[in-house]
Structure formats: structure tokens, C-alpha cells
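# Inside the fold
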Amino acid sequence: MGAVAFRRYRGSAWTMPGRPSRSTRGSLLRGALRWSDRGGEALGDDPVVALRGALDRALDNDRVRRRFGLAVRQYRAVRRDLGRLDPVVPEQVAELHVRALVGESRCMSEQGAATEACLALLAEARWWAEMSGEVALVALVDGRRGLLRLRRGQLDEALTDLSSAEKGLPDGPDLGAVYLNRGSLRLERGETELAARDFERCVSMTGAGVEPALHAMAAHNLGYALFLRGELPAALRSMADAARGAPPEHAGVGLMDKAAVLYEAGLLTDAEESLRQAGQLLSSTAARRDLLDARLARARCLVGLERHQEALALARSVRASARRTGDRLLELRADLIGLDARHGQLIDDGSPPARVRRLARTAEQVLDAAGVVPGGARLAADVSLVAADALARAGDFDAAVDHLRHLPTRSGLALGTRLRAEAVRALVAFGQGDRRAGVAAIRRGQELLAQQRQRLGAVEAVTAAAAHGVRLQAVDIVAALDDGRADALFDALERGRATFAGSGRVRPSADRETAALVSAARRLLDRARMLEAEKPDSSHEASQLRREARRLQDRARERSWQVGGEAEVPRAATVRAIRAELRAAASDRVVLNLALYQGRVLAVRVDRFGAQVMELGHVAEVVERARRVRADQYVLANPLIPEPMRAAALRSLERDLAWLDTTLLRGVDPGEPLYVAARGRLVSLPWASLPSRRGTSTVVNSWVARGTAEWSPGTALVVAGPELRHAPAEADAVATVWGAGTTVLTGESATCDAVAGELDGHAIVHLAAHGQHEPDNPVFSSVRLADGPMFAHELDGTDLARCVMVLSACDVGSVSIKHGGEPLGLTSVLLRMGARAVIASVAPLRDEVAVRVMPALHRGLREGLRPGEALARAVADEPEPVPLVCFGPLVL
């Protein structure tokens, strides 16, 4: 059977260098015997049978054990002994020569040997195949040569070889391998439908247990074809199904392709982790080329994550290895990643145009080299874009345009490439003073992002997709700042943010396996908590339980990524529209849109009279004050802290809150209702606790979301979780406010399933429970109920439209900021599910404070106050700052 290509850039980490003849097919020996350099007399009475056995052992080490070095020695030993035989049965000797040469060539390729040396072995094998007169043997060699040429980037020659092999092989695994390789080639050529057809042929020829590993590989590559068509959730689903049937030795390459899909989806951290795992698996084998590809793909992820120095070091290491083996195409690919990493460093450092221009010249040299290397044309678009990007930033707009003109127009370009092209076009247009053309390019890029986002169902995947918009929005914001108009900056901020706002789906997941994983993780975490409470010395065992729970959570996350999108992309707010609505409502509300840019906190203040840009301060100082505020809030929430220490913490807290108030809200008068759109650490500030906001409505969100004014209180759901002393009394008081028709779940009835089943049927939901934000795994932030934690992850897709959620729990208003700037946590998930408002704490919330404030809050809601107004009134007379914040859309 011929070797196979698992991925579009190279051949597989697992290939079959040739199958025994029909008489011995299925008799592969799995012993660990080494075929040593023996004399002819040791071959016995039937030397052909003995040599077939030796070939079987070499094939076993090659195909099954992946011990390529040992297999090479065994194949060579077979060839040496063949040379000692008189060709009494020349056709059988020729067959053995062919299979040994093909196997040796394949193993050398996997070890990273020069392609020329491998092709030389195949040239000899083809001579023997022609001598034998066996069409199938000639086809076997052609199939292997086609794979080598595919890896080398000689696509036309490879297609000729593989199509020739197709004609000479009967139906079965050998022909299936040819279809798999030709499908991989067609993926390289952008012929996705033809590739899928070849993969389907391979699947049909290798199913029903005929060749399970090859069957799994074909199914995997079908997933890759779906990925190239932009169907990312379906691609991940197909690859996951294939992985279940693939042998363990294929795991490294499977993780590499999975990482490619995750990268395209914007899940860069998960892609980088998959590639790190792939590298570990591949380094334990002799598949050096696969290992180099994995390391280079990881370097690309590191560029996307803006870890430029790490990316540069990794790319240089791969380049050195490629140069040693004479793999010029891989060397150029490493040059490309290295250039991109250096480009990112220059942008971060604010380097002068001369240095950026030098990088562009280097990119042009790489582009010239790619033009004469087989397969180099595949790199041309990305290298041209690096050069064009650098030239545009250096002010050489005409030269940048020349590079843009040579970009292919086919839609088969990767999303990142198309987005970068639009960002560079915008750079050029803005630099030449054509703002209209620049904004048009930005909008085209955001339309591409919107199309991508609409394919994604999981809320985590929707937020992750923002990673691809970082460069585009940076260009938009810089141009808006250069323009100087407040509406230009406001509109630029919201154009980028709205693209990734809202939910990806409109109904909860019905996947039973995901639900089982989440439930199992819940039980493990609850066991860990109870174990620590009962046995103070059980920290090691509890840690093991939490690690296993995290593993199950990660599996549930991965399954959620396989769900396609259903929801529409929200429409971005503009200054013109907001001001028109404020005037129509005769509202005195102020909209404050905050941004963090180049170490500064910027704001666009909008009211019905106009808009203005303000620079508020340095990010580092604001973040430090926010950190101190949070630390003081933790001290004040601890009932064991001595009174003198509490008093000192309170004074410190009040000082820092006053500083943040003066710094961030100096353009807002006390008494003016305020809507804050913020990112980064700013979104989790205790905005309602700032001195000037006492008694006045303050609503916060990560973007200017629009809400409807029509709302009337309906039925309420009131839930009390375990182990909170005042929670039952708080629940009773809140239920009393809402009266008849209120659903109350306390004690053993307050389970996760019971609460989740009630969420979308009430206008008011009150949860009094322990809360926990998980900074490293924010979709598994939770509130603790009777049977364990209820996670944000399992609420994804719940319809919370027009529901006001009150989370009387610690920390659940906190968020983690994903790469790309999107906040993620329990509160943000609830808002994405359409909640009219979420009132939550951004720090520990003391039980005795909650039992006072919450009934007052609900009385305000029952009277018809809006959520921000009700919260402001409820906390106005509290003696200490209360870390509750009203999150939600802008309602006029």
C-alpha cells in the first residue's frame, strides 16, 4: 500500500510503504526481531520466503511501531541479501526490491532526509517495477513519488504520478491511499469539492474494518476540506469523530490539523496548546518533518497571541533545521513566520519608518526566492502582505499598492490573509487621505469577520473569533484618532465590538455527551469541596479531583465548538443614532465610551447636545488603582479581619474610589444618568461605588448594546444556594416583594437542572448563592447550588430576553479578557443570552449586606424603576461601598 498524506502541507506521520503480496497479506509479523546483516547461506532453503519475513518485520517497525531508523536498516539488509541471490524467480526478486526501496525512501523522508535522496531510491524502485512487468508495482512507486512531490510543492507532477497510480491499482487500501494523497493535493490547489470526492472514495474502500487507520485519516481529511470551506464547527466535529477511530501514533498529526481549525476560529490559546501537545507526541517518534511543521504552526499561533519573541525564536530554529536537510520550501515558510514576528515587534516598539522599510525589503527578498522554489507560490500572498503592511506603515504607499495588486482574488485565501489585505488597504487609503476608501476597507474586513462569526455557535467561540479582528480595529482606531472627531472614534470602537457581541445560537445545546461531561465535572468539584471541608489534610486528593474536573470541562468546551451558529450579528451603534435617540427621549443620560490605547485611557462622551474626545489618564495607574480597590474589597468582606485593619482598608478603598471617580468621570456631572462602555480591567470596576454615582443610575457593558424601553415586571424566580447563613432569609424577603406567582427554590430543590429549567420563564431571576469566577476558564464560572456549581457554559443558548438577573453572589460580575479584547464570565454570558440587565458583584459580597440591599433593590424593580435606578437607590444609604454593578444594554 502506498504512503499517505494526512495534511495538505505534507505527507502523513503514518504511511504504508508497501504491502506484502496477496499470499502473505495479513501475515505481518509483530516481533521485535532485527534483520541483521547475514550471509546468503542463513536464508535457508527458500530465500524468498525468508526475505518476505524480513520485509514484514521492517514494515512492522515502519508502519506500526514508527521506529524509522531501525526500519531503514532492515530494508537495507533485505536489499543487500537480495543482491546475493541468483534471480531464479526474477519477478519475485523485483517485487521485493521495489517494496524495500519504497519503504526505505518513506522512512528516510519521515526522518527528514533530503528529498533528492528519497527520489533517487524511488527511481531505482521504478526500474525494478518495470522489469517485473507488474502494473501494480509501477503504480505503487508512482503513488509514493507523487506523495514526495506533493510534499515538495510540485503539485502538477504529483498529480500526474497519483493519477497514474490510480489507473494501475485495484480497488482496496492501496488505491485508497492514492485517493487520500490526491485529495490532499487537491486541497492544496483549492479544489475542495474534488478533494472531498477523493476522501469519500478512500473512506468507502477502507471501511468495515478493512483498514481502520486509513479510514480514520480519510475521515479526518474530509474534516479538513470542511475547514477550507469555512465550516469550522463541522470540521471540528468530523476530526473528533475520526480521532476516535485513529491509532495512537496518529495523534500528533491529528492535533496539528485540529490546531489549524482552532486557529482559524480564533481560539489561538487552545490551538497553541494543541500544537505543544503535538510536538511532545511527535518528538517521541522519528517523524522529524511532522515535528518541524508542528513547531512552525505553533510559532504562527504565538505571533497571533503577540508573543513575538517566542515566535521568532521558534521560527529561527525550524529554519535552521530546514536548511540542514535542504528543505527550501520549509525554510521559506519559517522565514515568513519570522518576518511576521519581527513586524509585530516593530509595531509594538513604535519603530521608525526606516527600520520598518528594511523589514519590507527583506520580505521582498523572501518573495523573490519563493518564486523559484517549487510550491513557493503558496507563500506569495502572505509574504506580499507582510511587505505591503510594512511599506504602508513606513509611508511608501505606492510600493504597498504594487504588492496588493499581485494578491490572488480567489476566495480560497485564508480568513487571516483576507483580513490582513483589507487592513493594509485601509492603511494605504487612510495614509493617502482617502478616509472614505479606508472605512470601506474596514467594513469589508468586518463583513468577513461577521460571516465567520455567524458560523460559530458557542459563546466562547464567538468571543474568540475577535482575535482575527485585532489588527483591523487597530487600524480603524488609529485613523479615527488622526481624524480627531469624536464620532469617528466612537464609531470605530463600536464597529469592531458589535461584530463579536451577542450570542452564537438561540437555543441550549441538546448534546447528551456534553451534558454528561458537565455533570461529571460538577460532581468532582463538589466532592473536592466537601473533602477539604471534612479533612483539612486532603488538599492533594482534592487537587487531583479538580484536575480531572478541568479535563472534563475542556472536553465539554471542545464539543461546544462543534456547534454551528444561528444568531444574527448585532448592529453597531453610532454617535449620530445615539444622539438622535437621546434627543427624541429628551434624556439627560450620558454615554461614556472608553478605550485603552497605547498606554492611555481615552473616552468619547456623548449626550444629546454633542460628543467629545477626552484623554483621561494612564492605563497603568488606573489598573493599579483598580487592583488596590479589589484587594481592599476582599479585606472588608472577611469577617475575621480586626477592626483597625478594616478601618484602614476602608480608608484606602475610599481614597482609590475617589481617585478613579475624579480621573474617569471628570466629564460627567453628579446626578447625570450614566451608561459606560468599557473594555479590559475597566469593565469590572465597581462603577456604582464611585462617590459621584451615589443615588444615580449607572449601567455598564462591554459595548453600546441597544435595549428596548418596553418592559413590565412579571413573575419571579427566587433561588437560595447552600451554605450561606442569610440566603434563606434573603430569598424569603425577595419572594415577599414579588408576592403570588413567585417560584422559590431553596434547599434540596435548588438543583442545577431545576434552576436552568426555570430561567427562561420569568421576568425576574434572583440567585442568592456562593459564586466563583474562574479567570483561566471563564465559561466555567459558576454559582453553587444544591447539587454543585451551575456553570456559565451550560446556560449558553438559553433565551433570557427581557429577563432581569440579580446575582447575589461573590465575584460573578468579574470577567476574563480573551485575546481580541472580548470579556468572558458568568455575567457576560447572561448578557449575551439577551438578559435585559444583570446585577452582579465584581468583588466579594458580604452576606449581611446582601440581605439588606436585595429586598430594597427588588422593591424598586417592582415599583417600575429601571434596574440601574433600582440598584442606585438600594445602595445609596449603605455605610460602606457595595461592589454591585448593573450590567446591561442602553435603554432610553
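Residues take numbers from 1 onward in each chain, read along the sequence in its written order. Where local features are concerned, this predicted model is filtered to residues with pLDDT of at least 70; where side-chain atom pairs are given and counted, the filter is 80 or more; whole-chain, interface and lining totals use all residues. Calculated side-chain values reflect all of the structure's heavy atoms, with hydrogen atoms and water omitted.

Numbering of helices and strands runs from the N terminus, with a helix taken as a DSSP run of H or I at least four residues long and a strand as a DSSP run of E at least two residues long. When you go through the chain residue by residue, the secondary structure sums to 33 helices and 16 strands. Expressed as a percentage of its 892 residues, the buried residues of the chain come to 59%. Long-range contacts, defined as pairs at least 24 residues apart, comprise 72% of the intrachain contacts of the chain with a sequence gap of at least 6. In this tally, Lys and Arg are treated as positive and Asp and Glu as negative; His is ignored, and so are the chain termini. Here the site of a charge means atom NZ of a Lys, CZ of an Arg, CG of an Asp or CD of a Glu. Placing the 121 positive and 113 negative side-chain charges of the chain at their respective mean positions leaves the two points 2 Å apart. To sort residues, take the accessible area from a 1.4 Å probe on protein chains only and compare it with the maximum for the residue type: under 20% means buried, over 50% means exposed, and anything in between is partly exposed. Contact definition: two residues touch when any of their heavy atoms are within 4.5 Å.

Turning our eyes to something else, we now look at helix α17 (residues 377-393). Compared with the 24 Å implied by 1.5 Å per residue over 17 residues, the 25 Å span of α17 between its first and last C-alpha is a close match. Along α17, twelve of the 17 residues are buried, which leaves the element largely enclosed by surrounding structure. Among all positions of α17, only L379, A381, V383, S384, L385, V386, A387, A388, D389, A390, L391 and A392 are buried. Each element contacted by the buried residues of α17 is listed here: α15 (328-349), α16 (353-370), α18 (397-405), α19 (415-431) and α22 (470-483). G395 occupies a position one or two residues after α17 and carries a positive phi of about 90°. Each residue after the first adds 1.5 Å to the expected span of a helix.

This part covers the side chain of E730. Inspection of the secondary structure puts E730 in helix α29 (residues 727-738). One buried charge, E730, has no salt-bridge partner; the nearest side chain with opposite charge is R725, at 11 Å. Of note is the side chain of E730, whose polar atom sits 2.7 Å from the side chain of H766. Residue contacts for E730: discarding those within four places in its chain leaves H766, A768, S808, A850, V851 and M854. By definition here, a salt bridge exists when the distance from a side-chain nitrogen of Lys or Arg to a carboxyl oxygen of Asp or Glu is within 4 Å. Whenever two N or O atoms come within 3.5 Å, that pair is a polar contact, provided that in protein one can donate a hydrogen and the other can accept it, and provided that, for residues adjacent in sequence, both atoms are side-chain atoms.

Moving on, we get to helix α8 (residues 192-206). Compared with the 21 Å implied by 1.5 Å per residue over 15 residues, the 21 Å span of α8 between its first and last C-alpha is a close match. The set of residues buried in α8 consists of T192, A195, A196, D198, F199, C202, M205 and T206. Packing partners of the buried residues in α8 comprise α7 (173-188) and α9 (212-228).

Tallying each qualifying case throughout the model produces 79 salt bridges. Note that D161 is salt-bridged to R145, the shortest N-O span being 3.0 Å. Within this pair, whereas D161 is found in helix α6 (residues 155-168), its partner R145 is found in helix α5 (residues 135-152), the two being separated by 16 residues in sequence. With a relative accessible area of 4%, D161 lands in the buried category. The residue R189 makes a salt bridge to E191 at a minimum N-O spacing of 3.2 Å. Classification of R189 as partly exposed rests on a relative accessible area of 32%.

Comment: phi is negative for the bulk of residues other than glycine, and the bulk of peptide bonds are trans. Of note, the phi angle at E723 is positive, near 65°, even though the residue is not glycine. Even without being glycine, D811 reaches a positive phi, approximately 70°. Within the secondary structure, D811 sits in the loop between β12 (804-808) and β13 (816-817).

Turning our attention to the nonpolar core. We call a set of buried Ala, Val, Leu, Ile, Met, Phe, Trp, Tyr and Cys residues a nonpolar core when their side-chain atoms join them within 4.5 Å. The biggest cluster of nonpolar side chains holds 142 residues, and the ones touching the most others in it are Y75 and V98. Contacts of V98, omitting those with residues within four sequence positions, involve A125, W128, A129, L137, L140 and V141. L594, L685, L785 and A835 belong to the second largest nonpolar core, which has 78 residues in total.

Turning next to the state of the cysteines. When two cysteine sulfur atoms are found within 2.5 Å, that pair is recorded as a disulfide. Enumeration over the complete set of coordinates arrives at zero disulfides. The thiol of C752 is not disulfide-bonded; the next cysteine sulfur, from C803, is found 17 Å away. The exposure class assigned to C752 is buried, which follows from its relative accessible area of 1%.

With that settled, the discussion passes to the sheet that holds strand β4 (residues 674-677). Here, a strand pair is defined by DSSP locating no fewer than two bridges between the strands. Reading across the sheet, the eleven strands line up as β3-β2-β1-β4-β5-β16-β15-β12-β8-β6-β7 and stay open at both edges, with mixed pairing between neighbours. In the strand order of this sheet, the two ends are held by β3 (610-618) and β7 (743-745), each with one partner. Averaged over all pairs of adjacent strands, the angle between their axes in this sheet comes to 20°, without regard to strand direction. For every element, the axis is a line fit to its C-alpha atoms; helices are fit only across the contacting stretch, and the angle between N-to-C directions ranges from 0 to 180 degrees. Most of the contacts of helix α27 (residues 619-637) go to β3, to which it runs at about 75°, and overall it touches β1 (590-597), β2 (600-607) and β3.

As a further point, take the sheet that holds strand β9 (residues 771-772). Sheet architecture is open: three strands sit in the order β9-β10-β11, paired in antiparallel fashion. The sheet is open, and its two borders are formed by β9 and β11 (788-791), each paired with just one other strand. Looking at chain direction, β9 and strand β10 (residues 782-785) are connected through two bridges and run antiparallel. For G771, the partnering residue across the bridge sits in β10 and is V783. Packing against the sheet, helix α24 (residues 512-534) makes contact with β10 and β11, and its axis sits at approximately 140° to β11.

It is worth spelling out the pairing of β2 at this point. The element β2 is extensively covered by neighbouring structure, given that seven of its eight residues are classed as buried. By the bridge criterion, seven bridges tie β1 to β2 in an arrangement that is antiparallel. From the neighbouring strand, A595 faces β2, where its bridge partner is L602. The turn linking β1 back onto β2 is made up of two residues, and Q598 within it adopts a positive phi angle of 50°. Note that β2 and β3 share eight bridges and pair antiparallel. Note on β3: the bridge partner recorded for D607 is G610. Between β2 and the antiparallel strand that follows it, β3, lie two residues.

Direction vectors running N to C along helix α20 (residues 435-454) and α22 enclose 155°, while the axes themselves pass 10 Å from each other. The pairing of α20 with α22 is recorded here as roughly antiparallel in orientation. Where α20 crosses over α22, the handedness of that crossing is left-handed. Residue-level contacts link R435, I442, G445, Q446 and L449 of α20 to L472, V475, D476, A479, A480 and D483 of α22. Across the contact of α20 with α22, the residue classes tally to six nonpolar, two polar and three charged. In what follows, roughly perpendicular refers to angles from 65 to 115 degrees, roughly parallel to angles under 35, roughly antiparallel to angles over 145, and oblique to any angle outside these ranges. Crossings are sorted by hand: turned counterclockwise from the far helix by less than a right angle, the near helix makes the crossing left-handed, and turned clockwise it makes it right-handed. Each residue receives one of three labels: charged for Asp, Glu, Lys and Arg, nonpolar for Ala, Val, Leu, Ile, Met, Phe, Trp, Tyr, Cys and Pro, and polar for the others, Gly being one of them.

Looking at where R144 falls in the secondary structure, it is placed in helix α5. With a relative accessible area of 1%, R144 lands in the buried category. Distance in space between the C-alpha atoms of R144 and A177 is 9.7 Å, their sequence separation being 33 residues.

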